[in-house]
Every structure is written in C-alpha cells, then in structure tokens.
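So the chains spell out like this:
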Amino acid sequence: MRGVRFRAPAAGTSGRAELVASGRIMSEFRIHRDVNELLSLLHVHDGEGAEVYIDLLQKNRTPYVTTSVSAHSAKVKIAEFSRTPEDFLKKYDELKSKNTRHLDSLVYLLSKLTEDKETLQYLQQNAKERVELAADAANSGSTNFSIPLSTSKISAQELEELLKQLGSVTANSNVQQPLELTRKILRDKQKKKNSGQPIPVFPSWVYERPALIGDFLTGTSLSTDTTVPIGTLPLASQESMIVEDLLYVLIGVDGRYITAQPLTGRQNRAFSVDPNLDLSIKELVTRILPVAASYSAVTRFIEEKSSFEYGQVNHALAAAMRTLIKEYMILITQLEHLQRQGLLSLQKLWFYIQPTMRTLEILASLATSVGKGECMGGSTLSLLHDKTFNYTGDSQAQELCLYLTKAASVPYFEILEKWIYRGIINDPYSEFMVEEHELQKEKIQEDYNDKYWDQRYTVVQQQIPSFLQKMADKILSTGKYLNVVRECGRDVTCPVAKEVIYTLKERAYVEQIEKAYNYASKVLLDFLMEEKELVAHLRSIKHYFLMDQGDFFVHFMDLTEEELKKPVDDIITTRLEALLELALRMSTANTDPFKDDLKIDLMPHNLITQLLRVLAIETKQEKAIISADPTELTLSGLEAFSFDYIVKWPLSLIINRKALTRYQMLFRHMFYCKHVERQLCNVWISNKTAKQFSLHSAKCFAGAFTLRQRMLNFVQNIQYYMMFEVMEPTWHILEKNLKLRFTRSMKLDNEMDQLTLEHSTMLGPPTEEERAEETAKKQLTNKLLAEHADNLQLTPDFEATINECDNNFSSHLLDLLDKLSVYSTNDCEHSMLNIIYRLDFNGFYTERLERMSAERSQKAAPLLPCLAVPAQ
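The model shown is predicted, which means the values in this text are computed figures rather than measured ones.

### Section: the overall build of the protein
Counting its regular elements, the protein contains 32 helices and six strands. Put simply, the protein has 872 residues, and 39% of those count as buried. Per element, the accessible surface of the protein, about 50,200 Å² overall, is 56% carbon and sulfur.

### Quick look at the environment of Glu531
Summarising the element assignment, Glu531 is placed in helix 18 (residues 506–531). Under the relative-accessibility criterion, Glu531 is labelled partly exposed at 48%. For Glu531, the contacting residues outside a window of four places in its chain are Arg490 and Asp526. Of note is the side chain of Glu531, whose polar atom sits 2.7 Å from the side chain of Arg490.

### Examining the nonpolar core
Core analysis: the biggest nonpolar cluster contains 88 residues, and Ile242, Val285, Leu346, Leu468 and Ile475 have the highest contact counts within it. No other element matches helix 11 (residues 279–305), which puts 13 residues into this core. In this structure, Ile242 is in contact with Ile230, Tyr257, Ile258, Leu277, Ile281, Val285 and Leu346, ignoring residues within four places of it in sequence. One finds Ile571, Ala583, Ile654 and Met722 within the second-largest nonpolar core, a separate group that totals 75 residues.

### Some words on the pairing of strand 6 (residues 641–645)
Burial analysis of strand 6 places five of its five residues in the buried class, the great majority of the element. The alternating pattern of strand 6 places Phe641, Phe643 and Tyr645 and Ser642 and Asp644 on opposite faces, both of which are buried. As judged from the five bridges shared by strand 5 (residues 598–602) and strand 6, these two strands associate in the antiparallel manner. Residue pairing for strand 6: Asp601 is matched across the bridge by Ser642.

### Observations regarding the packing of aromatic side chains
In this structure the tally under the stated criterion is 30 aromatic pairs. For the pair Phe545 and Tyr663, a centre-to-centre distance of 6.2 Å together with 55° between the ring planes defines the contact as tilted. Taken together, the residues span a long stretch of sequence, with Phe545 in helix 19 (residues 534–545) and Tyr663 in helix 25 (residues 657–687) at a distance of 118 residues. Put simply, the rings of Tyr544, Phe545, Phe552, Phe553, Phe556, Phe641, Phe643, Tyr663, Phe667 and Phe671 touch in pairs and so form one group of aromatic residues.

### Section: empty space enclosed by the protein
In the structure shown here, the tally under the stated rule is five cavities of 30 Å³ or more. Size it by volume and the second largest cavity reaches roughly 100 Å³. With five residues, the top contributor of residues to the lining of the second largest cavity is helix 25.

### Quick notes on the pattern of salt bridges
Taken as a whole and judged by the stated rule, the model has 26 salt bridges. Of the charged contacts in the structure, one is a salt bridge between Glu115 and Lys77, with a shortest N-O distance of 2.3 Å. Of the two residues, Glu115 sits in the loop between helix 5 (103–113) and helix 6 (117–140) while Lys77 sits in helix 3 (residues 68–81), which places them 38 residues apart along the sequence. Residue classification places Lys77 among the partly exposed positions, given a relative accessible area of 31%. Note that Arg585 is salt-bridged to Glu581, the shortest N-O span being 2.7 Å.

### What to know about a nonpolar patch on the surface
A contiguous nonpolar patch, built from Ile608, Leu611, Leu612 and Leu615 and spanning about 380 Å² of accessible area, is present on the exposed surface. Positionally, Ile608 belongs in helix 22 (residues 607–615). For Ile608, a relative accessible area of 57% gives the class exposed.

### Considering the packing of helix 20 (residues 550–564) against helix 25
Running from amino to carboxyl end, helix 20 crosses helix 25 at an angle of 80°, the nearest separation of the two axes being 12 Å. In terms of their interaxial angle, helix 20 and helix 25 are classed as roughly perpendicular. Where helix 20 approaches helix 25, its residues Phe553, Val554, Phe556, Met557, Asp558, Glu561 and Leu564 are matched on the opposing element by Phe667, Phe671, Lys674, His675, Arg678, Gln679 and Asn682. By residue class, the composition of the contact of helix 20 with helix 25 is seven nonpolar, three polar and four charged.

### Overview of the side chain of Lys595
Tracing the sequence through the fold places Lys595 in the loop between helix 21 (573–586) and strand 5. Of the side chains with opposite charge, Asp596 comes closest to the buried, unpaired Lys595, at an N-O distance of 5.1 Å. For Lys595, the side chain forms a polar contact with the main-chain oxygen of Asn590, separated by 3.2 Å. In contact with Lys595, other than residues within four places in its own chain, are Tyr544, Leu584, Arg585, Ala589 and Asn590.

### Description of the confidence of the model for the protein
When pLDDT is averaged along the protein, the result is 76; 72% of the residues meet or exceed 70. Within the protein, helix 15 (residues 395–422) carries the highest mean pLDDT (93), whereas helix 28 (residues 747–754) carries the lowest (34). The low-confidence segment residues 743–766 (pLDDT under 50) makes 36 contacts with residues lying over four places distant or belonging to another chain. Below pLDDT 50 for its whole length, residues 862–872 participates in 26 contacts with residues either more than four positions away or in separate chains.

### A short note on the side chain of Arg269
Checked against the element boundaries, Arg269 lands in the loop between strand 1 (258–260) and strand 2 (271–273). Of the residues examined, Arg269 reaches a relative accessible area of 7% and is grouped as buried. Separated by 3.0 Å, the side chain of Arg269 and the backbone oxygen of Gln261 make a polar contact. Polar side-chain contacts of Arg269 include one of 3.2 Å to the side chain of Ser296.

Thresholds, definitions, all that
Residues numbered from 1 in each chain as written. Predicted model: local features only at pLDDT ≥ 70, side-chain atom pairs only at ≥ 80, totals over all residues. Heavy atoms only, no water. Helix = DSSP H or I, 4+ residues; strand = E, 2+ residues; numbered from the N terminus. Buried < 20%, exposed > 50% of the residue type's maximum accessible area, 1.4 Å probe, protein only. Areas by Shrake-Rupley, 256 points an atom, 1.4 Å probe, with all protein chains shown as cover. Contact = heavy atoms within 4.5 Å. Polar contact = N/O pair within 3.5 Å; in protein donor to acceptor, adjacent residues only side chain to side chain. Core = buried A, V, L, I, M, F, W, Y, C linked by side-chain atoms within 4.5 Å. Pairing = 2+ DSSP bridges. Phe/Tyr/Trp six-rings, centres within 6.5 Å; stacked < 30°, edge-to-face > 60°. 1 Å grid on protein atoms, 1.4 Å probe; cavity = no way out; pocket = protein on both sides within 12 Å on 5 of 7 lines; lining within 4 Å. Points joined across faces, edges and corners; volume = space filled by probe spheres on them. Salt bridge = Lys/Arg side-chain N within 4 Å of Asp/Glu carboxyl O. Patch = residues over 30% accessible without salt bridge, like charges linked within 9 Å, V, L, I, M, F, W, Y side chains within 5 Å. Axes fitted to C-alpha atoms, helices over the stretch in contact; angles between N-to-C directions. Parallel < 35°, antiparallel > 145°, perpendicular 65-115°, else oblique. Nonpolar A, V, L, I, M, F, W, Y, C, P; charged D, E, K, R; others polar. Lys, Arg positive; Asp, Glu negative; His and termini not counted. pLDDT = per-residue confidence, 0-100.

This is the structure we're talking about:
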C-alpha cells in the first residue's frame, strides 16, 4: 500500500519542485542502471541482487571534497601498494597534466580499496577468471595466425628494409595529428553548430609561411655564413661566439654552434651543441638552454591557440602569453645591445636571464598541459585555476598564473553573464558549461520520458571550471528559468547584474550567482503563478484526476456505464467525448474555466502494465515490456479508460507528461474502485427484493449477502483512506506551501469565487410519462421475482461459487492487512494503522493476523519479530 501514498507530482513549496524531483528520479534510475552494469561486469549473479547495493548507495552518498592533502595521501598509499610504483606515478602525472576530470576522486576510491582485503581478493579472483575465459575464447576462435612456410630465405638487404619500414610505422604512430587536420575538424564542428552564422578564420597564407612563426625552422639551411671550428678558437673567442649564438637561440633562431632538434609529438625542444666546445662553457650553456626550450614551447602554443578554431578562452590565454613574451623580447634586445658593446659575458647572460627562466618555465608548463589535455573553454580555466591554487606559497608564480587566468576567463565570463542575467547562450566555439540543443517543446505533451527540460540545455562536465563546480546546477537553472520567460515573448534582464571577475575567493562567485538565481526564480514563478495561472490549473487537475467533483462523476458514470462495458476496440471515442461534455455541463464542473482541457484517453494496456512500463524505464526490461503486444488480453472500456489533460507551454514544464502519467495512474485506480463500489451497491439494491421472499428462501442467500457487505465495506474504507487520509491532506499541505511563498499570486482564489454558475444541459429532466413507464417496469420485475422466489433452491454450484469467492477475498484481505502491519511498524508508516483499524474494526481478523505474525517471526529468527496488530 505504500504505492498508494500520494506524492504531489506537479509542484512543491515552489514551482521548481517537479523539476528537481524529476532530476532525482532519473538519478535513481541511473544508479540502478550503473549498479546492474557493474554486477554484470563482475559476473555477480547470486545474493540479494542490485536492490541491496542501490539502497546502501542512496543512504550513504556523500560528496567527495578533493584536497591536496587527501589526494597526495591516496597517491602515496597506492604507490606503496603497487608492484610498480614508478609506472603508477608516471601514469598519474600524465593524467594530471591532461587535467583529467575526477582523477583525485578515483585515486581516493582506489586507495580505500587497498584497505579492503575481502574486496581485493574478490577482484583478483574475478580478474583471474576473466583472463581464463578470454584465453579459452581465443583458443577456440576461428582466427589463427601462422607464419607461412617458404622455401626462399630473406636477404640481409630485404631484412634491413623491413626493419626500416617497421620503425617508420612505429614512429608515425606516436606523431600527433597534423594541426591543419585538427583545425579542420574543429571548424566543421563549429559550422555544424552555428549553421548560417559565419565563423572567422585566418587566411591560409598565415599557416603556409613558416618564417612568420617565432619558433625554430628545423630542416632548413638558411644561413650562408662560413662556420669556423669552435674548438680551434681561444676560450674568450669561444665565449663570445657562444653568447651571440645563445641570443639567437633564445628568440627561436638557430645559431652556428647551437641548433634545435626536430620535434616529435609534444615533446620539449632539444638542442645540439658543438661537441668541440670547451667543457666549462658547455656546462653553462646547458643551464641556459632550458629557457630557449621553454620559449619554443610557449611560442608554438601562442601560434597554435591564436587560431579562432581553438576558442575564445585559448585565444585570450595566448594573447596574455604574447604580452609576456614581448617583455621577454625587450630583455633579449637589451642584452643584444650589451653584446654589441662587448659588455655581455656568458656569466652575465646567465645572471640577467635568471628572473625570466622561472616565468618561461611556468608558461611552458601551462602550454604543455593545455596542449596534452586538448583543453578548451572551461577545461582550460580549470587547469589554470588548479595551477594558481597549487602555487600557494610561491607568490611570484601564483601572481603570474592569476594574471593569465584572469585574462583567459574574460570571454568565458561574458558568456556566463549573458546566461545568468538574460538567459541567452552565445557560445560559437562550444566552450561554455551549458550546451544548447534543438528540441521541440511540443513533445512534452506526447512523450512520458520527454527530455525537453533535461536536454534542451545540458551541463557539459568537462567545460565546468573547477572553481564553479559547486554552482554548476544553479547556473544551469538560472539561465533556464530566464530562457523560459524569454521564449514566452518577455525580455528579462537581471537588475542586480554585475561584471564577474576571476578571483581565488569563491565566495564572490557564489554571491553573484545566488542573486541572479533568486531573481530568475522569482521572475519565472511570478510568471507561472500570475500570468499562466498555475494554481488554477492544478486545482482543475485535482477536480478530475483525484475525483473531488462527486456530482460530476455520478453524472459521468451514469451516462457512460453501458459504453464502458464494451471491449475497447468497439468504443467510439467521439461518443465518449460527447458524454463527457454533457456531464461537465450538467455538474458543478461547469464553473471550471479549464474544463475544456479535459480529454478522454483509452489506453492500450491496463493499469498494472502501465505501471510496469514506467518502472522499466532505463532498465534491461524496458525493451521487452514496451515491445510486448498490448492486445494479448481484450481490455474492456473500464480497464482502458483514463482522462488526459492539455497543458500548454510553459506550464507543460511543470505539469508535463511525467506528472500527468502519475495522476493518470492514481485516477485509473480510484475510478475502477468507484466502479466496483457502484456494482456492489447495485447488487445491494437488487438484494432488497429478498424482503419479499419467504424465510426459508431468504436464508439460502445469507452467505452471498454477507460476502457482498464485507466487500462493500472494504472498498468504501479503502477509498476513504486514499482520498481523505492520504491525498486530501497532502494536497492541503501543497496549497498551504504555495500560499506561504506566493501570497501575491493567490488572486486566483478570488477569481474562482467570482465565476458565475451556469447550468446548461443537452437533455432535460425525464417527463412524467417516462417516470411512469420506468416505475411500471420495476414493479413487474419485483412481482416476477416474488412469485418464483419460493421455488429457488441453493444449488451446489451456487454454494461452491460463493465459498470460493469468500475464501479468495478473505485470503487477499488477510495478506493485505499483514503487509500493512509490516509497513506500519518496520517503515514507520504509522498512518497505515488507521486503515488497518477500519478494515478490522471489530477484531474479526486479529487472531489470524497474530498467527501469521508469529509464523513470520519464527522464520526470520534471530531477527527482531514484527509487531502484530493489537486487538481492539
């Protein structure tokens, strides 16, 4: 009976409740799916199944907060546990340099697994079994490779050629993708997203002229100078020549005795120094060359990321780095001036270059990390923020990273400001954390699992800057709320809008986003409550789906009783629609301004199948249940009947197909209960003719009359409990919360009171002639029954049928009472005691319930015994 408990599906303390609840439900579905997938991968088929683990996960979920200390401790613990700690640390550093998401969370989880010996043993055994299975599959496979026998021998020359080809293949596999191809892929992606909008690109000659790039031109011999063997020169001349070479090398130009080596992949630049150089000079040269290597890496990054295809954030970062490189070039120019005057020695060069070395090292590290991680937009900002935060204690390095992060964040924050202040996304290069998709909002009325609200705007995890991670959901919701109002033709701009500037103090972002979020919530909720009359629509839905319009349902069920008895295929929907219209006009529902939104819906499956289809969403059983033939059993009109409700945009975001389906399932259950009650009442009315029978004949039907009364008592009490102890109180809580938050929007109450009552019917009341004819028919029927009542005998078949029905009813009722007793005690659902006392008001079932409880306690020993229902 827990499934009968009413949860207001349309709204909660605010108009956002349904949207939040939908997200939580889908999150539970994903947990269920992920746990099942994990159990499948581990080949776990025994035990209590996925439900136990899902319950534990949902009860014990806590957000993991990454700290430098916890991440370092976890890394050290795994390294100590690993058989190859060097390989693990190398892989960790590689992933860290690529800014891999959730890396520290994963490492923390793995470190915890190292402490769980039982889990480790299981995983090792599972891995061993999987390897054995894979080996068996490989051995039994049909594809076997073998070296063909040949009478000819391979020559030494052919062997050498083969080795060269294999070497070239191996080398090419490590070469990164050509930049032109990368740019083309990015351009195609951006053109597809921004169809009809021109995307700026650099002209082709920018990339075709290598001399325009500030990096080394390897593989070309542009110099025509005659090189004197440096080993033949005196030490002072060697130093002078090397200083001149270094000044060239430091700005990306090969010298005569120092030359750059060709690059392979994203490796750091290496240099070749004349081996005849004096060892003392060579030692100092090797200390200075890392500056040239860093300059080369930064210059390549600037040239690559300045292209529009890599996005505005990378473009801004490259521009900031270019500014720093200009200062570096000014220093080199000053050193060249000193060198021409003969005032620059190698030792002085080393001294002057010292402050710049640290700066270029940090810039090269950032450039390499962004390149390896293929970062764009938010992921670039995450990397920069983490670097800035990690340099705490090194004020110079942190100030440099802070400058770069501020510069790179400007275009990202411009997109953010438009989103949270106006609900507009202008993101041509797919850098922002929120991504827009082209979807049709009309489908919200058609598809139960419609993805409009969830998928029109979605969060792109890799584009969330780490300093905005905690606020990502609010940022998404803020723009969504404003966007809904904009799509309804109203222009909105946040009055508390301020420029967002990067800072290490996250509180600044939180305050600005919170203000924007509160404004967006207020604008949307006022719009829905006042202009779109959300409360009035909810009340209208309650009237029909929760059956609180009694006179309407009496009229409707009287009019449609004969039609709904037919098989669903024989029912004419238009006739039902006409009868619905008649019932609406003949009852107090005629005052409902939204009564025309109510429609007839004949479902292709019964209520149980509909419930199973909903529970099977995103599970393995989904396809099987959905593809099942809905016509396996012929449904009657009563089994297929339901109401539907037309909701227009933007109310369809809250009263969507998901919410309406829940209301439909509640309505179908209650409507059928009402039908059963009517049938039992009709039986009771027909049983009144037994008063005309003789005493002997009337006794024959005593068992049937008793069973009928027990059934009627059960149905009426169940309906009372559902309507007055579950749904009605919950609905009042809903309305109370709405009034507390939106007192200005509750003008709808007055509007409802001011509506005039209109009583218009298609058919008038029955005439005197029709009444007399109906009375005559009833009198004739009663006379015939009275004449033949004494001749009736209680046949064995009739008695057996009544006994079978009695036994079945009693068995099901006892089972229900037992389950209610368990839920009311174990799950603290104390309100269920009310229905137990109502159904067992005189203690008729108490003894048998106590016996069932005792049997269950013996089976569950040594668990705590379940509490039995106390006798009255």
